[in-house]
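Listed here are the chains, written in short residue letters.
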Amino acid sequence: MQSVAVKVLPSRKRILIACEHLSWEVTFWRRALEKDPHIDTDLFVSRGGGDTKIKRFPTDTSALNDYHALVLIHTSGIITTDAASTIDKYVRSGGSILWLIDDWKIPSTSYKALSEVLTVEIPPGTEFITDEFVPFIAADGYSHPILRVVRHTEDLSNLIAGMPPLTGFVPASAKPDASVLLSHPENSSPILTVGEIENGRCAIICGTSFWRWAIVPAGFGQDTHIFYNLARNLMQFLLAKEKISHFVLRAGKRVYHSGEPVVISASLRDKSNQPLSGANITVDVSRNISDSIEIFSVELTEAGAGIY
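Cut-off values and rules
- Residues numbered from 1 in each chain as written.
- Predicted model: local features only at pLDDT ≥ 70, side-chain atom pairs only at ≥ 80, totals over all residues.
- Heavy atoms only, no water.
- Axes fitted to C-alpha atoms, helices over the stretch in contact; angles between N-to-C directions.
- Helix = DSSP H or I, 4+ residues; strand = E, 2+ residues; numbered from the N terminus.
- Parallel < 35°, antiparallel > 145°, perpendicular 65-115°, else oblique.
- Left-handed = near helix turned anticlockwise from the far one by under 90°.
- Contact = heavy atoms within 4.5 Å.
- Nonpolar A, V, L, I, M, F, W, Y, C, P; charged D, E, K, R; others polar.
- Buried < 20%, exposed > 50% of the residue type's maximum accessible area, 1.4 Å probe, protein only.
- Pairing = 2+ DSSP bridges.
- Phe/Tyr/Trp six-rings, centres within 6.5 Å; stacked < 30°, edge-to-face > 60°.
- Lys NZ or Arg CZ within 6 Å of the ring centre and 35° of its normal.
- Right-handed = clockwise from strand over helix to strand, strands pointing away.
- Salt bridge = Lys/Arg side-chain N within 4 Å of Asp/Glu carboxyl O.

Section: the packing of helix α1 (residues 24-33) against helix α7 (residues 225-239)
Then step 1. The geometry of α1 relative to α7 is characterised by a closest axis approach of 9 Å and an angle of 70° between their N-to-C directions. On the basis of the axis angle, α1 is roughly perpendicular to α7. Here α1 runs over α7; the crossing is right-handed. Residues F28, W29, R31, A32 and L33 of α1 form the contact with α7, whose participating residues are F227, Y228, A231, L234 and M235.
Then step 2. Of the residues that constitute the contact of α1 with α7, the class distribution is nine nonpolar, no polar and one charged.

This is the structure:
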């Protein structure tokens, strides 16, 4: 009999959506997150109308630690210096944030207290720019699991280019360790960036009116899967913080007899801890023959669901 340690993860994730006021942006992002049966959302509205027991945005981490991720929308009246310090500690200790920046009226002291856990840098004196544009896919976007939003027969670039335009953005620059997934088509200002900060994760959206990607296609009888898949993938990335190896290589057993077939398997997962198919995995095998070493390669065959 052998004893093993097993880490049991909670079956449902709790998400806090915090905003200053209600809007279509809040409505559609919450609706998108609640499509996942493993997610529960609470809504905090500083002007009233939310459904959480929180009466004011927390200024210590005890309340935020009840949630696996925090979604910030319309935050100019929420991010005080104390609130910013609380979010900073929350992310460093393992929390995740998705911040939809639709204006830039955050006090400089608040931004300074929060800046180190963000994936972008926003210079002093920056103002929100009203501008209609459709973001383009940045280099990191083509390989990142968050932008796996299309079906197998669809072209990602064409579908993104055909989405309704956003209505404005906050100019920023991506930090060196951040992944830029979407950018402004003219000035390359990052629109969607993601990254890992100490024990937590952060996603920043610097463009506003993504909710139009849901309502406009629906109004023309078209599919809305781009928006809803984007929201789902973002949250999967933010919630996938358990320390799971993305690539694991193992043999079928520790010791083989001479002449016995050796079985080698590998499992591959992406940054959201989802099985990754379609990879080419080659294993180099070496053996000692007298005074020399012979090396040959074996290409693993995919058995399905990221197992090779």
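Now, onward.
Details of the pairing of strand β10 (residues 179-183)
Then step 1. Most of β10 is tucked away, with five of its five residues classed as buried.
Then step 2. The pairing of strand β7 (residues 136-137) with β10 spans two bridges and is classified as antiparallel. Within β10, the residue paired with I137 across the bridge is L182.
Then step 3. As paired strands, β10 and strand β11 (residues 190-197) are joined by four bridges and run antiparallel to one another. Bridge pairing links V180 to T193 in β11.
Then step 4. Linking β10 back to β11 in an antiparallel pair, the connection comprises six residues, with S188 at a positive phi of about 60°.

Things to note about the sheet that holds β7
Then step 1. The strand order β2-β1-β3-β4-β12-β11-β10-β7 describes an open sheet built from eight strands, whose pairing is mixed. Where the open sheet ends on each side, the last strands, each with one partner, are β2 (39-45) and β7.

Structural notes on the packing of aromatic side chains
Then step 1. Applying the stated criterion across every chain yields a total of ten aromatic pairs.
Then step 2. Taking the centre distance of 6.2 Å and the plane angle of 25° together, the rings of W24 and W211 count as stacked. Here W24 is found in helix α1, whereas its partner W211 is found in the loop between β13 (207-208) and α6 (212-219), with 187 residues between them in sequence.
Then step 3. Given a relative accessible area of 19%, W211 falls into the buried group.
Then step 4. Look at F133 and F169: their rings are 5.6 Å apart centre to centre, the planes differ by 80°, and that puts the pair in the edge-to-face class. In this pair, F133 is assigned in strand β6 (residues 129-133) and F169 in strand β8 (residues 166-169), connecting sequence segments 36 residues apart. Like F169, F133 is buried.
Then step 5. The ring of F237 carries the charged tip of R201 above its face, separated from the ring centre by 4.4 Å.

Some remarks on the pairing of strand β3 (residues 69-73)
Then step 1. Among the five residues in β3, five count as buried, and that is most of the element.
Then step 2. Side chains A69, V71 and I73 project from β3 onto one buried face, and the interleaved L70 and L72 project onto a second face that is buried too.
Then step 3. Taken together, the five bridges between β3 and strand β4 (residues 96-100) define a ladder with parallel strand orientation. Counted as the bridge partner of L70 is I97 from β4.
Then step 4. On the question of chirality, the crossover connecting β3 to the parallel β4 by way of helix α3 (residues 81-92) is right-handed.

Comments concerning the pattern of salt bridges
Then step 1. This model, assessed by the stated rule, comprises eleven salt bridges.
Then step 2. A salt bridge links R92 to E198; the nearest nitrogen and oxygen atoms lie 2.6 Å apart. Taken together, the residues span a long stretch of sequence, with R92 in helix α3 and E198 in the loop between β11 and β12 (200-205) at a distance of 106 residues.
Then step 3. A relative accessible area of 22% places R92 in the partly exposed class.

Re the environment of G195
Then step 1. Examined against the element boundaries, G195 turns out to sit in strand β11.
Then step 2. Sequence-wise, G195 and V120 are 75 residues apart; in three dimensions their C-alpha atoms are separated by 9.7 Å.
Then step 3. Not counting chain neighbours up to four residues away, the residues in contact with G195 comprise T119, R201, C202 and F237.

Some remarks on the sheet that holds β6
Then step 1. Here three strands make up an open sheet; going across it, the order is β6-β8-β13 and the pairing antiparallel. Strand pairing shows two members of the sheet lacking a second neighbour, β6 and β13, which therefore form its edges.
Then step 2. Where β6 lies against β8, three bridges are found, and the strand directions are antiparallel. The residue bridging F133 from the neighbouring strand is L166, located in β8.

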